[in-house]
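# Commentary on secondary and tertiary structure
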Amino acid sequence: MGSKIKIRNKSIAEQVGAMKTKYPQFTTTFTHQFMKVEGDLQPTARSLPYHFVLKYNLVDSPKTKIVSPALQKNGKDENIPHLYPGENLCLYHPNFCEFSRTDFLSDTIIPWTSLWLYYYEVWHITDEWLGGGEHPIKPKIINK
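These notes cover the structure that comes with them.

About the thresholds
Residues numbered from 1 in each chain as written. Predicted model: local features only at pLDDT ≥ 70, side-chain atom pairs only at ≥ 80, totals over all residues. Heavy atoms only, no water. Helix = DSSP H or I, 4+ residues; strand = E, 2+ residues; numbered from the N terminus. Buried < 20%, exposed > 50% of the residue type's maximum accessible area, 1.4 Å probe, protein only. Contact = heavy atoms within 4.5 Å. Areas by Shrake-Rupley, 256 points an atom, 1.4 Å probe, with all protein chains shown as cover. Expected span 1.5 Å × (residues − 1). Polar contact = N/O pair within 3.5 Å; in protein donor to acceptor, adjacent residues only side chain to side chain.

## What to know about the overall build of the chain
If you tally the helices and strands in the chain, you get two helices and six strands. Helices and strands in the chain line up, N terminus first, as α-β-β-β-β-β-β-α. The buried share of the chain, reckoned over its 144 residues, is 35%. A fraction of 49% describes how many contacts in the chain between residues 6 or more apart in sequence connect residues 24 or more apart. By element, 55% of the accessible surface of the chain is carried by carbon and sulfur atoms, the whole surface being about 9,700 Å².

## Topic: helix H2 (residues 109-126)
Helix length check: H2, at 18 residues, gives a terminal C-alpha distance of 25 Å against a target of 26 Å (1.5 Å per residue), a fit within 8%. Within H2, burial applies to Ile-109, Ile-110, Thr-113, Ser-114, Trp-116, Leu-117, Tyr-120, Glu-121, Val-122 and Trp-123. Where H2 is buried, its residues meet helix H1 (12-22), strand S2 (34-41), strand S3 (50-57), strand S4 (63-68), strand S5 (83-84) and strand S6 (88-89). Asp-127 sits one or two positions beyond H2 and adopts a positive phi of about 65 degrees.

## Topic: the environment of Asp-40
Structurally, Asp-40 can be placed in strand S2. Spatially, the C-alpha atom of Asp-40 lies 14 Å from that of Ile-109, the residues being 69 residues apart in sequence. Residues contacting Asp-40, with those up to four places away along its chain left out, are Phe-26, Pro-49, Tyr-50, His-51 and Phe-52. In terms of polar contacts, Asp-40 uses its side chain to reach the side chain of His-51, at 2.8 Å.

## Looking at the environment of His-32
Inspection of the secondary structure puts His-32 in the loop between strand S1 (27-30) and S2. Overall, the relative accessible area of 76% leaves His-32 in the exposed class. Linking His-32 and Phe-104, residues 72 residues apart in sequence, is a C-alpha distance of 16 Å.

## A short note on the side chain of His-82
Along the chain, the position of His-82 falls in the loop between S4 and S5. With relative accessibility at 5%, the residue His-82 sits in the buried group. Side chain to side chain, His-82 and Trp-129 meet in a polar contact 3.3 Å long.

Geometry only, nothing functional implied.
Here it is as structure tokens:
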């Protein structure tokens, strides 16, 4: 007889502990149901540091935003790909369960944010998003 191991959701306290252990340079504030992480990520040695804010609670998906430098359109004046409304980064496909509440943000969302920034920089050079995934649908604005 095999036994099933049930992996439980991580509490905010567990998330904060893992974040402070892996990324002690980040500022982490929290309550029992919410956490906010701020820090700088530099995807390559030649990159500028990007200041980000990650907000997470026990109900919604994690929300990650680049605060500075401001994200810019590319040389073709195209909108930045893989952004949700409010300029939250599209880091994974929620329907594919790539992130779960059983995962540590420090092992998923933070590395994915750095990888998103890498592909953002490559997009500025090549005018192509080479990071794969699906672009969130944005409503088109028609000027009359």
